[in-house]
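# Chain and residue survey
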Amino acid sequence: MRCAARVVRRVSLALSLWLSVAVPCGRSHARADDVRIESDSAFQAYEVRSPGTSVFQTRRRLVTTAGFGWAHALAEEPDDAGRTPRLTATVRLRLTQEFGDTCLVARALCVRATDPRDLAAFQPLARDTWIDVPTAYAEATGLPLGLEVRLGRQLHHDVMGMLRADAVRVRVEPWDTVALEALAGMLVRDTSLGGSPAFEPIGAPRLDVNVDPTRASFIAAPITTPLVLAALELGRTPIVRARLAFREMRDLAGTDPTGAHVEGGVLARRASLSLASQPLDALRLEADGVLDLLDTGPLTQRVIAARTGVSVRVSDAWRVAARVERQVPRFDPGSIWAYFVTAPIAETQLDTDWTASERLTFGAGLRGRRAELGGQDGEDVDLGAEGRARARFGPLGVGGSMFVWSGDLGPMAGVLLDGTLRVDRTLQLEARVSVWHFDDANRPDLYGTTVSEVVGARWQVGDATSALVELEHAASRVVGHRFRAVLALRVEAWR
Amino acid sequence: MNLPPHAASSRIAHGALLALGLALAVALGLTHAANGQPRPRRATPEGRSAIIYPLQRIAIRMDHAHPAHRALPCVQCHTSAPASRASRDLLIPAESTCNPCHAAQTDREAPTAARCGTCHVGYGADGTRVVPASTFPAPRLHFSHATHVRLGATCESCHAGVRDTALATRDHLPTMRQCLTCHGGARSDGARSASSPNATPRTTRSAPATCTTCHLAEPDGVLRTRFAEGMLTPPDWLLGMGHDADWIVRHRWIGADQGSACASCHRESECADCHDGRVRPRSVHPNDYLTVHTQEARREPTRCASCHTTQRFCTECHARLGLATIAAPAVRATGRYHPPAATWERAHALEAKRSLAACVSCHAERDCVACHGALGIGGGLSPHPAGFANRCGPLLTANPRACVTCHGDVGALEGRCR
């Protein structure tokens, strides 16, 4: 297994490098069959340190993706509805490689957290090499009746949240005002083949079978989670558009690497309704809610997310928006976290944007946050304000933003100034300065002000390739001086 | 690591830095507002996108409103327009088109500044002659005049007001709202009033309203949005999708409800680039976010979870730093992370209510089970709310794993849970 991982790692590295070098600048004309290649690579070097410990991490992290896309048009011209039937396929391979160590201060001792032979240092959750396949699907679109079919590893997003699944998704839109969508498959977990934990619900960490469970008793066994999802969309936005959706995910019972029985159960069973209306160009109304069908508590706990918002364009240059949002944090019902009382959080936001001219824009907002702690604990109330401005003078762009929070969660404030200077069509220089003030109520020694400066440059090498170099310095009484360097390269081209 | 205590001078310095930053932010706006420069044209929803219609340089004198010009049908001069099938076709009349009426001015045997200056700018009264070339970059659209003419559209259906103006500019090219009057008929209210009532085409059939009907797309059908002039973004009136400063917050709701609209311009990989939590997006996490992330995690735990899986992303780092209880012995912190035990014993329950996700970022289930597990497994301090036994039956049936973690024997629970 380790040998295979090494081979895959080398292949993906080689592929990324090849893409970066071999793809010439320029765009080719579309043909019946088109191939898209892409690569994103980012290397970061910085140190992570926390007050209260003598440990810091020397992060030397490379994240690189190699992607491949294919498109084949099934017809020369679109049909009467403007749809062009098309077959596409997309695959992305991602490598995350950590070159740093975990050291004690002053480098008196550096240890490898990923070395299982080092009993004093081994951390099962840590890994030096991480290869996953975030996307791999084939799709047919533009078919009659608005039929779309997608098969493979894909993301899905609705008001119930984002998830990644190995699934088949079918969507049909026979009329402008009606659409049906269904998805069935398996939730992608960290323990899935080429998987990642990005969209798993908060619960117990799960690792694959390569980790000795006796060395990590806090880790749960791998589990398989089938899911189904269905949605109905009705209407269209000038009047009212509604989307009603249902989602169920269920962990299958199994055995852990030691052969012990692992309980299965429902991971989530939820329904959602979202409504949107835009009766006038200048007025938009939105509302949505998510109902937890597993919970049997009071309705205020079962409606785990609700939001309503209104946006009014008072004039061509002035927009005002208001939102009220309520969240009840939810956790994997297979973990004990799901059984603790958590405070529903309500947020109210009032925002306005003013476009003074094509070169100058302003924005400001007020925030209110209320957490219902319940019983004798009462509630947390916090108020915040923020402002922003952005201006452009030819090749020079400058912007500023600030925020202030005060209340039961303690004070927090920050100012961020940034500027960009376009030297020519290919080169842009960037700079940012920020000042944050913070005071952590849970950490007696975690308070202070951090000042940070960043300088960088973006280079558009050609139509297909761009590069970024960034250097950051931050200083605070908490961790002293900290430096970070970022190098990024992006290649994207159709051939 | 031992750190120095609070110092009054430090607080003053912090305050001064904050005040300086605020002053800079305010001054940035005030100095610009007061600089006395002529105000540039205000951006309005009616404004033409410089990406769709790249900026033109029109070094020609032309008066469409001149009675002699008004009397002519448009095709008299724009002869090739009715048959044009591509937006890149140059439909500006050639000089020869003007000859029948302007022969005297176009006589190349006897050119004078006055004659040439009839149509061309750049001929000064003092004899100077700097005649710039006109440039008409092709619109970045699919457009067939022939199709529209065949379906009954008139010139002023799309180019309203040209007859009443001197020079026809980008402002006389149709906006997306005007296009959508016929294409899908989605915005017949606002769009129709935005143009002349007479400008409504005679066609009664709804034209296709897919994005790629007009916009340039990559071979996989995703719209081209990156151009030398910048990113092509949708207007606010279109499904509320204006990519303004608030968009970083709002996009999750629009995307959740109308993901297929987002997919017109964005591939799935763009979502994953941020939401997979691998590479720090600078637009979301500003400078030195590492130092202040604890504050935001406590304030907005659900937002962190939209990109970071708490029990993996957060815990791994906290464990490697020695902060988490699951840290390896060689690196585990020796000092106390939280406030003194005497106060934390009561306060930790409140903090768990506030942000349980923050607890999960360091603690494993076993840490809590030690006290909150049922007697025999833990200390027997129940975390459940009052009356829980009356409603826990369905939860036990749906997913017993958590029950087993604290109570062990599910069989015994089945009798107690209703």
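Let us look at the structure shown here. (Residues numbered from 1 in each chain as written. Chains lettered and ligands numbered in written order. Predicted model: local features only at pLDDT ≥ 70, side-chain atom pairs only at ≥ 80, totals over all residues. Heavy atoms only, no water.)

Before going further, it helps to spend a moment on the overall build of chain B. The number of helices and strands found in chain B is 22 helices and 2 strands. Long-range pairs, those at least 24 residues apart, make up 59% of the contacts in chain B with a sequence separation of at least 6. In the structure as shown, chain B presents an accessible area of about 21600 Å², 61% of it carried by carbon and sulfur atoms. (Helix = DSSP H or I, 4+ residues; strand = E, 2+ residues; numbered from the N terminus. Contact = heavy atoms within 4.5 Å. Areas by Shrake-Rupley, 256 points an atom, 1.4 Å probe, with all protein chains shown as cover.)

The number of helices and strands found in chain A is 2 helices and 26 strands. Computed over the C-alpha atoms, the radius of gyration of chain A is 26 Å, within 12% of the 23 Å expected from 2.2 N^0.38 for a compact globule of 495 residues. Considering only C-alpha atoms, chain A reaches an extent of 70 × 60 × 55 Å along its principal axes. Of the accessible surface of chain A, which amounts to about 21000 Å², a share of 64% is contributed by carbon and sulfur atoms. (Rg over C-alpha atoms; globule rule 2.2 N^0.38 Å.)

Let's shift gears to the state of the cysteines. Taken as a whole and assessed by the stated rule, the structure comprises 2 disulfides over all chains. Two residues, Cys103 of chain A and Cys110 of chain A, share a disulfide whose sulfurs are 1.9 Å apart. Between Cys103 of chain A and Cys110 of chain A, the disulfide has an S-S torsion of 85° and is therefore right-handed. The exposure class assigned to Cys103 of chain A is buried, which follows from its relative accessible area of 0%. Here Cys392 of chain B connects covalently by a disulfide to Cys417 of chain B, the sulfurs 1.8 Å from one another. One quick way to see it: the torsion about the S-S bond of Cys392 of chain B and Cys417 of chain B is about -115°, and its sign makes the bridge left-handed. (Disulfide = S-S within 2.5 Å. Buried < 20%, exposed > 50% of the residue type's maximum accessible area, 1.4 Å probe, protein only.)

Pairing is possible between side chains that carry opposite charge, provided their charged atoms lie close to one another. All names here are of chain A. Tallied over the full model, the rule gives 83 salt bridges over all chains. Between Glu200 and Arg189 there is a salt bridge, with the nearest N and O atoms lying 2.6 Å from each other. Here Glu200, found in the loop between strand S9 (178–187) and strand S10 (226–236), pairs with Arg189, found in the loop between S9 and S10; they are 11 residues apart in sequence, far enough to count as distant. The pair formed by Glu200 and Arg189 is uniform in burial state, with each residue classed as buried. The partner of Arg243 in a salt bridge is Glu233, with the nearest N and O atoms 2.5 Å apart. One end of the pair, Arg243, is in strand S11 (residues 240–251); the other, Glu233, is in strand S10, and 10 residues separate them in sequence. Comparing Arg243 with Glu233 shows no difference in burial state: the two are buried. (Salt bridge = Lys/Arg side-chain N within 4 Å of Asp/Glu carboxyl O.)

Residue and element names in this part refer to chain A. Checked against the element boundaries, His72 lands in strand S2 (residues 55–73). Residues His72 and Asp115 lie 43 residues apart in sequence; the distance between their C-alpha atoms is 47 Å. Polar side-chain contacts of His72 include one of 3.0 Å to the side chain of Asp33. (Polar contact = N/O pair within 3.5 Å; in protein donor to acceptor, adjacent residues only side chain to side chain.)

A word on the side chain of Asp276 of chain B. The topology assignment puts Asp276 of chain B in the loop between helix H13 (268–275) and helix H14 (289–299). Asp276 of chain B gets classed as buried once you look at its relative accessible area, which sits at 5%. Among the polar contacts listed, one links the side chain of Asp276 of chain B to the side chain of Arg164 of chain A, at a separation of 2.9 Å.

Each pair of aromatic rings is reported with the distance of its centres and the angle of its planes. Enumeration over the complete set of coordinates arrives at 6 aromatic pairs over all chains. Consider the rings of Phe43 of chain A and Phe99 of chain A, whose centres lie 6.5 Å apart with planes at 50°: the pair is tilted. Taken together, the residues Phe43 of chain A in strand S1 (residues 33–49) and Phe99 of chain A in the loop between strand S3 (86–98) and strand S4 (102–104) connect sequence positions 56 residues apart. For Phe43 of chain A, a relative accessible area of 27% puts it in the partly exposed group. Relative accessible area serves as the criterion here: at 47%, Phe99 of chain A is assigned to the partly exposed category. Each ring, one from Phe403 of chain A and one from Trp436 of chain A, has its centre 5.1 Å from the other, and the planes form 70°; the classification is edge-to-face. Note that Phe403 of chain A is positioned in strand S21 (residues 396–407) and Trp436 of chain A in strand S23 (residues 427–439), a separation of 33 residues in sequence. Classification of Phe403 of chain A as buried rests on a relative accessible area of 16%. Under the relative-accessibility criterion, Trp436 of chain A is labelled buried at 6%. Aromatic rings pair up to connect Phe403 and Trp436 of chain A together with Tyr289 of chain B into one cluster. Here the guanidinium or amino end of Arg150 of chain A rests over the ring plane of Tyr137 of chain A, the centre of that ring lying 3.9 Å away. (Phe/Tyr/Trp six-rings, centres within 6.5 Å; stacked < 30°, edge-to-face > 60°. Lys NZ or Arg CZ within 6 Å of the ring centre and 35° of its normal.)

The next point concerns the interface of chain A and chain B. Across the boundary between the two partners, chain A contributes 194 residues, which contact 140 residues of chain B. Summing both sides of the interface, chain A and chain B together bury roughly 14300 Å²; the carbon and sulfur share of this comes to 56%. Glu470 of chain A is paired through a salt bridge with Arg282 of chain B; the nearest N and O atoms lie 2.9 Å apart. The tally of links from chain A across to chain B stands at 53 residue pairs in polar contact (both at pLDDT 80 or more). Here the residues of the side of chain A that touches chain B sort into 83 nonpolar, 44 polar and 67 charged. (Buried area = accessible area lost by both parts, 1.4 Å probe. Nonpolar A, V, L, I, M, F, W, Y, C, P; charged D, E, K, R; others polar.)

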